Amino acid sequence: MKSKTVVLATARTPFGRLGGALSSLAATTLGGEVIRAAVERSGLDPGEVEHVVMCQVLQGGAGQAPSRQALYKAGLAKTTTFETVNKVCASGMIAIVHGAQLINDDGAEVVVGGGMESMSNAPYALLNARFGYRFGDGALLDLMNYDGLLDPFSGLTMASAQAKVNAHLGITREVQDEFAFLSQQRAAESTAQGLFKDEIDPLRVATKAKGKLVVDHIPVQARARIPVHAGGNGSPSKIFHDPHVDLTPDPKKYSPYITGDVPFTLVDKDEPIRADSSLESMAKLPPLDRDGTVTAGNAPGVNDGAAAVVLASEDYARSHGREPLAYIVDHAAASWDPAYLALTPAMAAQKLLERQGLKASQIDVWEVNEAFAAVAWSTANLLGIDPKAINKLGGAVAFGHPIGASGARITASVVHQLRRRGGGLGIAAICSGGGQGDAILIKVG
């Protein structure tokens, strides 16, 4: 990737527990809010956003075109183009990569990329019901598990597959628990120190108006960027028209926002963090599989949340007086045996390092998604990095892992960590279902 893409702003929601503080909010509401917040932080007119790439893994029941729903909720223009992507856990990162590719290769100037997921709202499905059952029972499938957490090749859940891989690779329960405990400690300390204020967009979740966020001002739809072929730039066109009022989306029907004296709960911290965790308590947790080593303590929960990044061409940023937060340098991907997804972040990161002529020791900030503690530990081990050198603010074992959003979260976290240290190089790496890995290289300064 010969990149000329810069990061202008980021935003993410706090991450919520299954059935927790964010469970009343649709994934597209979470996504719309982080798009709105990130664009606001960028200082750009929302009408400047040309394209949105958002990901959602659990799209069953979400409705048509989730990214379009999210950008409308955010107040972006009706002329903003969009796409929804799904690369399982890597989706939020690959959405940012797609955005960068649009800027680098297709001449786009401003793109928003990110991910959104409400695992709390994933529905159940009755397969084969369309034409009825002639005889016998039908199975009600949990789409959170079926579409997000189940390996289609082995029929095992990600946790069960990881437990078998741990046994094959000799990754002990003790190593996993120690890494998970460190993740919880770091996340609690980082939160107490206020280190996520630049990342998190606090939410005022309405307590009685279900599905709504309480705000001071409801976003107004941004001005449309009329394409030339639709009558823009003074050029007449037969297809240019004034839409009929009955065929124009009504914000009162789709907006997730509400104003006024409305009861709400302020959610400004990641809900899953366990500041009271200890190695002793983790050691007492039973394995998820008999004789396995994966537990509820060394694996993340199932969560709700969203994250977004505003990308722009460097020329656009300079000409509009916007200081880039960071530069997107390059991206690499790798695939391997589906069950061995724990190895793929290191594979992708090594590919990225070799292409850039870098060594792992030259990277100042490492973020590796803790799909399981074993994944992050394995990545460090394979790359020859001290495991304590990665995820210095904590990881997904503590923060949670809303599968569509995590790739965007760790990418944005690298940006902010690099800025706090005054510059340098950072890599965010992530595995995902199907045995694939992705890594993205970020530069500040």
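A quick note: this is a predicted structure, and the numbers were derived from the prediction, not measured.

Cut-offs applied
- Residues numbered from 1 in each chain as written.
- Predicted model: local features only at pLDDT ≥ 70, side-chain atom pairs only at ≥ 80, totals over all residues.
- Heavy atoms only, no water.
- Helix = DSSP H or I, 4+ residues; strand = E, 2+ residues; numbered from the N terminus.
- Rg over C-alpha atoms; globule rule 2.2 N^0.38 Å.
- Buried < 20%, exposed > 50% of the residue type's maximum accessible area, 1.4 Å probe, protein only.
- Contact = heavy atoms within 4.5 Å.
- Areas by Shrake-Rupley, 256 points an atom, 1.4 Å probe, with all protein chains shown as cover.
- Lys, Arg positive; Asp, Glu negative; His and termini not counted.
- Charge placed at Lys NZ, Arg CZ, Asp CG, Glu CD.
- Expected span 1.5 Å × (residues − 1).
- Phe/Tyr/Trp six-rings, centres within 6.5 Å; stacked < 30°, edge-to-face > 60°.
- Lys NZ or Arg CZ within 6 Å of the ring centre and 35° of its normal.
- Salt bridge = Lys/Arg side-chain N within 4 Å of Asp/Glu carboxyl O.
- 1 Å grid on protein atoms, 1.4 Å probe; cavity = no way out; pocket = protein on both sides within 12 Å on 5 of 7 lines; lining within 4 Å.
- Points joined across faces, edges and corners; volume = space filled by probe spheres on them.
- Nonpolar A, V, L, I, M, F, W, Y, C, P; charged D, E, K, R; others polar.

When helices and strands are tallied, the protein chain shows 13 helices and 16 strands. Against the compact-globule benchmark of 22 Å for 445 residues, the protein chain has a radius of gyration of 22 Å, which places it among compact chains. With the C-alpha coordinates of the protein chain rotated into their principal frame, the extents come out at 70 × 60 × 45 Å. Expressed as a percentage of the 445 residues in the protein chain, the buried residues total 53%. Taking as baseline every contact in the protein chain between residues at least 6 positions apart, the subset at least 24 positions apart corresponds to 79%. Looking at the protein chain as shown, the accessible area adds up to about 19500 Å², and 52% of this sits on carbon and sulfur atoms. Charged side chains in the protein chain number 41 positive and 45 negative. The centres of these two groups are separated by 2 Å.

A few words now on the environment of A167. Here A167 lies in helix α5 (residues 158-169). In this structure the C-alpha to C-alpha distance between A167 and A222, which are 55 residues apart in sequence, comes to 54 Å.

In this model helix α1 (residues 27-42) runs 23 Å from its N-terminal to its C-terminal C-alpha over 16 residues, within 8% of the 22 Å that 1.5 Å per residue would give. Following α1 by one or two positions, G43 adopts a phi angle in the positive range, close to 80°.

Moving on, we come to the packing of aromatic side chains. Evaluation of the coordinates by the stated rule reveals two aromatic pairs. Measuring from ring centre to ring centre gives 5.6 Å for Y72 and Y254, while their planes differ by 80°; the resulting arrangement is edge-to-face. With Y72 in helix α2 (residues 66-73) and Y254 in helix α7 (residues 251-254), this residue pair connects regions lying 182 residues apart in the sequence. Overall, the relative accessible area of 13% leaves Y72 in the buried class. By relative accessible area, Y254 is classed as partly exposed at 21%. Ring centres of F196 and F399 lie 5.2 Å apart, and the angle between their planes is 90°; on these two criteria the pair is classed as edge-to-face. Here F196 is found in the loop between α6 (173-192) and β8 (203-206), whereas its partner F399 is found in helix α12 (residues 396-399), with 203 residues between them in sequence. Using a relative accessible area of 5% as the deciding quantity, one classes F196 as buried. If you follow R12 out to its NZ or CZ, it ends over the ring of F15, 5.0 Å from the centre. In this arrangement the basic side chain of R12 is found over the ring face of F399, its NZ or CZ atom lying 5.9 Å from the centre.

This part takes up the pattern of salt bridges. Between side chains of opposite charge, a pair can form as their charged atoms come close. According to the stated counting rule, one finds 15 salt bridges in the structure shown. We note a salt bridge from E33 to R36, for which the minimum N-O separation is 2.8 Å. Of this pair, E33 and R36 both sit in helix α1, three residues apart, roughly one helical turn. Under the relative-accessibility criterion, E33 is labelled buried at 4%.

Quantified by volume, the largest pocket comes out at close to 760 Å³. As for the largest pocket, its lining consists of 42 residues, of which A296, A299, P300, G301 and V302 are closest to the centre. For the lining of the largest pocket, the secondary structure elements donating two or more residues are α4 (143-148), α5, α8 (279-283), α12 and β15 (424-432). Top contributing element to the lining of the largest pocket by residue count: α4, with three residues. Per-class residue counts for the lining of the largest pocket are 23 nonpolar, 15 polar and four charged. Residue lining of the second largest pocket: 20 residues in total, with R36, E40, V215, H217 and P219 positioned closest to the centre. For the lining of the second largest pocket, the secondary-structure elements that each account for two or more residues are α1, β8 and β9 (213-214). Tallying contributions element by element places α1 first for the lining of the second largest pocket, with four residues. Of the residues that constitute the lining of the second largest pocket, the class distribution is 12 nonpolar, two polar and six charged.

These figures capture arrangement, not role.
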